[in-house]
Structures are given as C-alpha cells and as structure tokens.
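Structural overview
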Protein chains: 2
Amino acid sequence: MASIKDVAAEAGVSVATVSRVLNDHPSVSAEARTRVLAAVEALGYRPNAVARSLRTDQTHTLGLVISDVMNPYFTELARSVEEEARALGYSVIIGNADERPDLQDHHVRNLLDRRIDGLLVSPTDGGSPLMLDAVRAGTPVVFVDRWIPGVDVPVVRADGRQAVRDLVAHLHALGHRRLAIIAGPAATTTGQERVAAFREALHACGLELPDVYIGQGDFQADSGRRVTEGFLDLPEPPEVVFAADNLMALGALDAVRARGMRVPDDIALAAFDDIPWFVHTDPPITAIAQPTGELGRAAVRALVDRIEGRPPESVTLPARLVVRRSCGEDATQNRSKP
Amino acid sequence: MASIKDVAAEAGVSVATVSRVLNDHPSVSAEARTRVLAAVEALGYRPNAVARSLRTDQTHTLGLVISDVMNPYFTELARSVEEEARALGYSVIIGNADERPDLQDHHVRNLLDRRIDGLLVSPTDGGSPLMLDAVRAGTPVVFVDRWIPGVDVPVVRADGRQAVRDLVAHLHALGHRRLAIIAGPAATTTGQERVAAFREALHACGLELPDVYIGQGDFQADSGRRVTEGFLDLPEPPEVVFAADNLMALGALDAVRARGMRVPDDIALAAFDDIPWFVHTDPPITAIAQPTGELGRAAVRALVDRIEGRPPESVTLPARLVVRRSCGEDATQNRSKP
DNA sequence: ATCGTTCGTGGAATCGATTACACCGATACC
DNA sequence: GGTATCGGTGTAATCGATTCCACGAACGAT
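It should be emphasised that the depicted structure is a prediction, and the values quoted were computed from it without experimental measurement.

**Let's talk about the protein's contact with DNA strand C**
Close contacts around DNA strand C come from 26 residues, with Thr17(A), Ile4(B), Ser19(B), Tyr45(B) and Arg55(B) the closest. Taking Ala51(B), its main chain carries an N or O atom lying 3.5 Å from a base nitrogen of DNA strand C. Of all the secondary-structure elements, those providing two or more residues to the surface near DNA strand C are helix H2 (15-22) and helix H4 (49-56) of chain A together with helix H1 (4-11), helix H2 (15-22) and helix H4 (49-56) of chain B. Broken down by element, the surface near DNA strand C gets its largest block of residues, five residues, from H4(B).

Rendered as structure tokens:
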C-alpha cells in the first residue's frame, strides 16, 4: 500500500509538503497542492490511520461498552451513538459485556490499549478497579443509562420516576392492588432505581411492596421466566407483574403462557423499556419508553465535549408511559380499535 | 501513560529486553524477566497497540460491515462473530450500513484506513468499486449471508432452498393456493435467491408465482407494510404472504392488523429468518431459521484462516423450517398447547 | 541598496513499539 | 590454548505519519 513517501516522490515534493496538503495547512503553494493531489489520486493513496494516531496521540475513535447487544434497547442506543459520533468525525468500537463484569473489563482494557479518545460505558457492575483507574488517569469517560455512584463522571440517562408513578396510577385506576416487580441486578443503578421508584409510587397510592413481590432478575429473558413462575406459585399471586426491562418482560410473558393463562385477563404485565416488538405481541405490552436515540446522541456530545476540552454536561431526560393492552382496559375507553 | 522506555529505565535494562519479555522471546534471562515484569507491574504499563500495529503491520482486528444492526438476525450474527474472533485473539469493529451503499462504503473505507487485518462483509449492493479494489489489492475478505457474484472471495451463508420447499409443501397441505412474496432488494443475493427458491418450490407443487404476487421490499419493516397493503387491495388477494426477512414480516403483520383482519384466519404469514420474538407475537410466526451463530463463527474462522495464510473455505449451511401458527393449523395436529 | 517580513519548502526529530545486527562473556570442543 | 558456539543483551534502524526549525526567495519599506 502506498505511503506518504511514495506520494512525495510521485509529486516531486517532500513528505512535509504532502502532509501539509493532506491536513490543509495554509502555507502550501497552489502549484504544489495540485501536484500532490494528482499524485494522491494516481496512487490511490490513503493515509495510514495507525501511523497518524501514533504521532498525534488521537485515534478519533470512541469506545462504547454496553451491557447486552442482544437487548433491542442497547442496540438502538449503539446505533444512535454511532450516528452522532460519525456526524462529529469519530468512529465507534462497540464492546459487548453481556452483563458480565469480566467481559466488561476485557473490553475496557482492549479499548484503552487501542488508545481510544474516550469511553462511553453502561456499567454492568458497581465499578471495576480498571475503570476507576482509567477515570483517575484522566481518560475521558461518560456513563450512559447506568452509572457508578461516587465516580466523578458525566452521566446521561433517563429518569423514569414520573413514568413509573403514571404507570402505578394507571394500574390502580384499573383496580389492581397486588403489584409485583421483576428487578434488575442490585449492582446496577437501573436495577436499584426502578425498584425504588416503583415502591415510592405504590406508597403514593397507599400500597405496599412486600418482599415476596420483589423477584430478583438479571435483565435477561430467562430470569424473567423464572421469577414469574415463582410469583404464580405464591398462595396469593400478584395481579400485575412489572418487569424492569424488556427481555425479562418477554420471559414473563412466556411463563404466563406456559401455564395456559392469559394476559391481561389472568395477570397484567408491564415493562420498563419500550421496543418496536411490544406493539405486535399478544397482547400489546404497556411499557415505559425511554428517549433512547436522544440519550445516545447526548452521551456522545458530552463525551466529545470532554475530549475536545469543553466542559461536559450530565443529561437526564424523562421517560414516558405508553399504555397498551397488557394491563387491562379502562372501561371508559373506546375499545373498537384494539 | 507509561511507555516501554519508562519500563526499561525502571527495570534497568534496554527497551529491546522489555520488548522480548513482553513477546516472550526465549532468550531473556530469568533475572531480567522478573525485573521487567516487576517494573511493568509497578508502572501499570500496557503496551501501546497503535505503535505495535505500526511496526508489525498487524492490528489483530477484524472489520464487520453488516446491512442493518437493528435487524435481530444481524445483531445475533455480530455477536457470534465477536465471540469467535475474541476466542481467536482478534477484536471486531462493526460498521452498520443500514442498507445504504454509501454508508457501506464509508465504513469499508474507514476500516481499511485503520488497517484492519481482514474484512467480513454482508454486502448491501452489487459491489462497490471500493470493495472490489480492496479485494484486488489483497485485503483478506469473506462474505457472510450475502455475497457478490463473480468476486473470488469465500462465502459463508445459509441455503434456504430445502426449507422453502418444506414451507411451500406445508402451505399447500393446509390448502393454500395463492401464495405471495415480499422480496428483498434485487441488488442483494438473498433478495434474489429467496424469490427464486419460492418460485421453484411453487412449481414443484404445480403452482405459479404471478408478478402481482411479488412485492418489492427493501428488508425494512415499512416496505413490508406497504407491500402487504398492496396485496390486500388486489381484486384477488393472496391467501399467504411470505416475507423475505423478519422486519418485513413485522410490517406485514402491522398492515394486516390495521385492516382489522386476523392471522392466520384471514391471511397466512410466514417469514425468512427466525427470531426469538416470533414465539411471542400474535399469532406465533412460522419461519425459516438460519443457523446464525454457526454462520458467524464459520465466517470468522474462514477469514482468520485467510489472514494467517491457511486456505479459507466457503461454507453453506442448511436453513430449516419452524412451523408455528401463523399459517393455520393442520387438522390432524394436536391443538391443546398453542 | 539594505533590511525585515512573509511565504513556501525540505530536513530531521518524534511518537512507541519490534527486530536485525553486533557484541561480549562463558562454555565446549579439538 | 585456540577457536567455534551460544545465550543474553544493547544499539540503532524502521514502520508512516506530523511538525518544529532553518533556509532561501520574493517583496515592501526605508
């Protein structure tokens, strides 16, 4: 593959001049510029990004470490991150942690070794030493969706508290009183917060959240299935199951169906995270929708601000309730268009 | 960040010795080795992958350019590719082409600039000059899922012909005679092949595939919706719609529902590509399942073989039919467990 | 005519690694 | 005892870019 030397030789100038043309430095004669450009064209020359990065100490690359690519929420997040990064002149390398701290560390280490300019993380655990070191060492880091308390890093996330209150009010209005939740891992902020918000919302309606109605999940479909089975085996099963993410909701749906029960007639179901498929399930699932695309874009902007020396800002956007049919229907509502 | 020089100074040896220890070259004394290792530990030294790549002309990185990350099929493919690559000591950079040739080119160029060791592509179009140049220039390339005819590059893909025959036989046995297809873009091999296989299978059952029963889609949900509406407006609408991918099937489902019609009672639906969500839609959707994980792994193995100088092999694996309820039920079948 | 700028350019250092080559001391062999 | 061999080590070249510095030419001001 042609290097800058070949271009210089072909154009009859020095490598310095070629480099100046490539980085459109002002002091190059029009004459030299056209000769260099012609040589570039003739040789099909493309600058070696590796060499350039070594010299400039910039890779124009962002690392994104997410908890689970197979989760449509994170897929969409990854997509919006890549789009915004591209618009700002950066590439993105995605690392999938699969909700495993060891894999998360593997990817963080790998990205750091490649000298990415900044790191976008949705942490799987309470904070690996590796990541804390990276932050301390001055690597630009921004947390997205989840974060690690006590670490001084901008956070871009959705606040679901109001939406959860709306959901609980909706459920209460439909006559439901025994509400259960499938929680996410306690090591994640989203895992904790959603339970807290749910409990708080219940209190506001004068309801309790007994321990047996808190099932411990891990944000994967299987755990949703398992926890739901536990709920259904209870002497007094809940009337509603609220899953803290979309995959666990799917597992819950599965478990309910496997018993030959129907949603919402036998048990109601709601989920945190709205995804396109929830419109098409049987029944369509009531969910709390995050502004996923906006979160991804805001996270990239915060990170790039940090990288380029501007003060980065934390961002919190509201989530909102999307009512569908999985919790039953309001008697006052029009039922003609399901 | 500490460099190899700092380590050398700390350990009281030359950089050459440090490098030898790091690459466990045999001729280093035990004494020197332990001193270097101690220095590495003390400084928290990590080799700079950028500098290493420049020198060795290897990045230990694979590029993966896929047609659409939001499509669960490709998400799963990406995941299995990353897993296998990691097992073989490579990282993966994913580029999402979003079914757009210009974006595909952007990512291919970007990956080539970063001097990735090899490229895994599921081409969105008939072959951009850029990619053909790369192949000609000797860049290791492997096509996965889709390919470009006439280019001498290993292909890893699924053969759905038998599964399509099985599907058509299944539909025929259920009494369906008017079968339509939502095709993918003609510029993609999968877009063409699936129509051809469908037509061929119909012939085997003594049926025709009239032009009005071939709708042109683009592998995205919206096109499935649009094409299905067209089918339903026909004076004699089809009894079955077969979507050439999962997203278009979703659009089709949407269009059918919007008319207040029911699947499979009013119209049957089947799809190419099986995804976890098809189990939970209303009704569960009959689909042709590809061995996605296997495809991803085989593609990586082929590419790494090529990179490391072993002869790479093309791989074709069979797809298989998964019957669910979206095409109606066999009267002889047990209906108790839906 | 002389001096000081400005502009365009090339030489060479540099980034952080790998590795060919030279060297040195110790051992082995005749 | 002389020499070939070998293990361990350091020096320096190298990968492909960017960029500091010096230099020469052109030009305007005095």
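So that's the structure; there's more coming.
**Details of the interface of chain A and chain B**
Between chain A and chain B, the contact holds 50 residues from the first and 51 residues from the second. Taken over both partners, the interface formed by chain A and chain B buries close to 4,200 Å², and the fraction arising from carbon and sulfur atoms is 59%. It is Arg115(A), Trp277(A) and His280(A) that lose the most area in chain A upon contact with chain B, and together they represent 19% of the buried surface on that side. Taken together, the links from chain A to chain B amount to four salt bridges. Ionic pairing is found between Asp113(A) and Arg46(B), a salt bridge with its closest N-O pair at 2.6 Å. Run the count over chain A and chain B and you get 22 residue pairs in polar contact (both at pLDDT 80 or more). For the side of chain A that touches chain B, the elements supplying multiple residues, two or more each, are H4, helix H5 (72-87), strand E2 (91-96), helix H6 (101-113) and helix H11 (246-258) of chain A.

**What about the sheet that holds strand E11 (residues 315-318) of chain A?**
Residues and elements named next belong to chain A. Within the open sheet, the six strands sit side by side as E2-E1-E3-E4-E5-E11. Their pairing is parallel. In the strand order of this sheet, the two ends are held by E2 and E11, each with one partner. Adjacent strand axes in the sheet meet at a mean angle of 20 degrees, parallel and antiparallel pairs treated alike. Where strand E1 (residues 61-66) lies against strand E3 (residues 118-121), four bridges are found, and the strand directions are parallel. Within E3, the residue paired with glycine 63 across the bridge is leucine 119. Where H5 meets the sheet, it contacts E1, E2, E3 and strand E4 (141-144), and its direction lies at approximately 170 degrees from that of E1.

**Brief notes about the relation of the copies chain A and chain B**
Each copy of the chain is related to the other by a rotation around an axis and a translation along that axis. Rotating chain A by 180 degrees and moving it 0.0 Å along the rotation axis overlays it on chain B with an RMSD of 0.0 Å. Both chain copies can therefore be described as sitting about a two-fold axis. For chain A, the smallest separation between a C-alpha atom and the rotation axis is recorded for Thr281(A), amounting to 2.1 Å. In this assembly the copies share their binding face: 100% of the residues contributing to the interface of chain A also contribute to that of chain B.

**Observations concerning the packing of helix H8 (residues 161-173) of chain A against helix H9 (residues 189-204) of chain A**
Residues and elements named next belong to chain A. Running from amino to carboxyl end, H8 crosses H9 at an angle of 45 degrees, the nearest separation of the two axes being 9 Å. Classified by the angle their axes make, H8 and H9 are oblique. In terms of crossing hand, the pair formed by H8 and H9 is right-handed. Counting all contacts with H8, which are made through Arg161, Val164, Arg165 and Val168, the residues of H9 involved are Ala197, Phe198, Glu200, Ala201 and Leu202. Considered class by class, the residues forming the contact of H8 with H9 number six nonpolar, no polar and three charged.

**Focus: the nonpolar core**
Formed by 100 residues in total, the largest nonpolar core has its most connected members in Phe198(A), Ile288(A), Phe198(B) and Ile288(B). Among residues more than four places away in sequence, those in contact with Phe198(B) are Val164(B), Val168(B), Leu179(B), Ala180(B), Ile181(B), Leu209(B) and Phe242(B).

**Side note on the confidence of the model for chain A**
Of the residues in chain A, 97% have a pLDDT of 70 or more, and the chain-wide mean is 94. Low pLDDT, under 50, characterises residues 333-338 of chain A; the stretch is placed with four contacts to residues that sit more than four places away or in other chains.

Here is what the cut-offs are and how they apply
- Residues numbered from 1 in each chain as written.
- Chains lettered and ligands numbered in written order.
- Predicted model: local features only at pLDDT ≥ 70, side-chain atom pairs only at ≥ 80, totals over all residues.
- Heavy atoms only, no water.
- Near = heavy atom within 4 Å.
- Polar contact = N/O pair within 3.5 Å; in protein donor to acceptor, adjacent residues only side chain to side chain.
- Helix = DSSP H or I, 4+ residues; strand = E, 2+ residues; numbered from the N terminus.
- Contact = heavy atoms within 4.5 Å.
- Buried area = accessible area lost by both parts, 1.4 Å probe.
- Salt bridge = Lys/Arg side-chain N within 4 Å of Asp/Glu carboxyl O.
- Pairing = 2+ DSSP bridges.
- Axes fitted to C-alpha atoms, helices over the stretch in contact; angles between N-to-C directions.
- Least-squares fit on C-alpha atoms with pLDDT ≥ 70 in both.
- Parallel < 35°, antiparallel > 145°, perpendicular 65-115°, else oblique.
- Left-handed = near helix turned anticlockwise from the far one by under 90°.
- Nonpolar A, V, L, I, M, F, W, Y, C, P; charged D, E, K, R; others polar.
- Core = buried A, V, L, I, M, F, W, Y, C linked by side-chain atoms within 4.5 Å.
- Buried < 20%, exposed > 50% of the residue type's maximum accessible area, 1.4 Å probe, protein only.
- pLDDT = per-residue confidence, 0-100.

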